[in-house]
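# Fold and geometry: a report
Next come the chains, spelled out residue by residue.
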Amino acid sequence: MTRTRKHYEPMIPVPAYETLHDQRILQGMTVEQIAQRHYVSTTTVNQWLDQHGIKLNASKVPQWAEIQAIQKRQAAGEVLNTILLDYRFSRFTYDKYRKQFEKALQLNHT
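Everything in this summary refers to the structure shown in the same document. (Residues numbered from 1 in each chain as written. Predicted model: local features only at pLDDT ≥ 70, side-chain atom pairs only at ≥ 80, totals over all residues. Heavy atoms only, no water.)

Contact geometry of helix α2 (residues 31–38) with helix α3 (residues 42–52) gives a least axis separation of 8 Å together with a crossing angle of 105°. By the angle between their directions, the pair α2 and α3 is classed as roughly perpendicular. Along its contact with α2, which presents Val31, Glu32, Ile34, Ala35 and His38, the element α3 presents Thr42, Val45, Asn46, Trp48 and Leu49. (Axes fitted to C-alpha atoms, helices over the stretch in contact; angles between N-to-C directions. Helix = DSSP H or I, 4+ residues; strand = E, 2+ residues; numbered from the N terminus. Parallel < 35°, antiparallel > 145°, perpendicular 65-115°, else oblique. Contact = heavy atoms within 4.5 Å.)

It is worth spelling out the packing of helix α4 (residues 64–75) against helix α6 (residues 91–109) at this point. Where α4 meets α6, the axes come as close as 10 Å, and the angle between the chain directions of the two elements is 105°. When the interaxial angle is binned, α4 and α6 end up roughly perpendicular. Residues Trp64, Ile67, Ile70, Gln71 and Gln74 of α4 touch α6, and the partners they reach there are Tyr94, Tyr97, Arg98, Phe101, Glu102 and Leu105. Classifying every residue of the contact of α4 with α6 by side-chain character gives seven nonpolar, two polar and two charged. (Nonpolar A, V, L, I, M, F, W, Y, C, P; charged D, E, K, R; others polar.)

On to the side chain of histidine 38. When you line up the elements, histidine 38 lands in helix α2. In this structure the side chain of histidine 38 is engaged in a polar contact, spanning 3.2 Å, whose partner is the side chain of glutamine 23. (Polar contact = N/O pair within 3.5 Å; in protein donor to acceptor, adjacent residues only side chain to side chain.)

Evaluated as defined, the whole model comprises five salt bridges. Here aspartate 95 makes a salt bridge to arginine 98, at a shortest N to O gap of 3.5 Å. Of this pair, aspartate 95 and arginine 98 both sit in helix α6, three residues apart, which is roughly one turn of the helix. For arginine 98, a relative accessible area of 19% puts it in the buried group. Between arginine 98 and glutamate 102 there is a salt bridge, with the nearest N and O atoms lying 3.3 Å from each other. Separated by four residues within a single helix, arginine 98 and glutamate 102 lie in helix α6, roughly one turn from each other. Given a relative accessible area of 29%, glutamate 102 falls into the partly exposed group. (Salt bridge = Lys/Arg side-chain N within 4 Å of Asp/Glu carboxyl O. Buried < 20%, exposed > 50% of the residue type's maximum accessible area, 1.4 Å probe, protein only.)

In this structure, tyrosine 39 is a non-glycine residue whose phi angle is positive, near 60°. Its location among the elements puts tyrosine 39 in the loop between α2 and α3. We classify tyrosine 39 as exposed; its relative accessible area is 72%.

Next up, the structure:
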């Protein structure tokens, strides 16, 4: 005899893609932080992320305003690695997006 998987109606509705994407990717919240915010388990949050196709190991994407703020702080004499810790960016991620934004600015000025 094989067991069939029971499907239960969720007690808490699944948040919209935009909400989870904002919390996980843009704000850089951990699965644990999202779970606390929604009063659910981390397993539930992982299922929500999977349903929406949001990668569990996704990293926060820097916005142009953040890159400019980082550059201003660096110009003021702060150590880049310390600044990046405040923004929760890796050096690789920062360099990658900084180059993309600078390239886009050059294309717009020509």
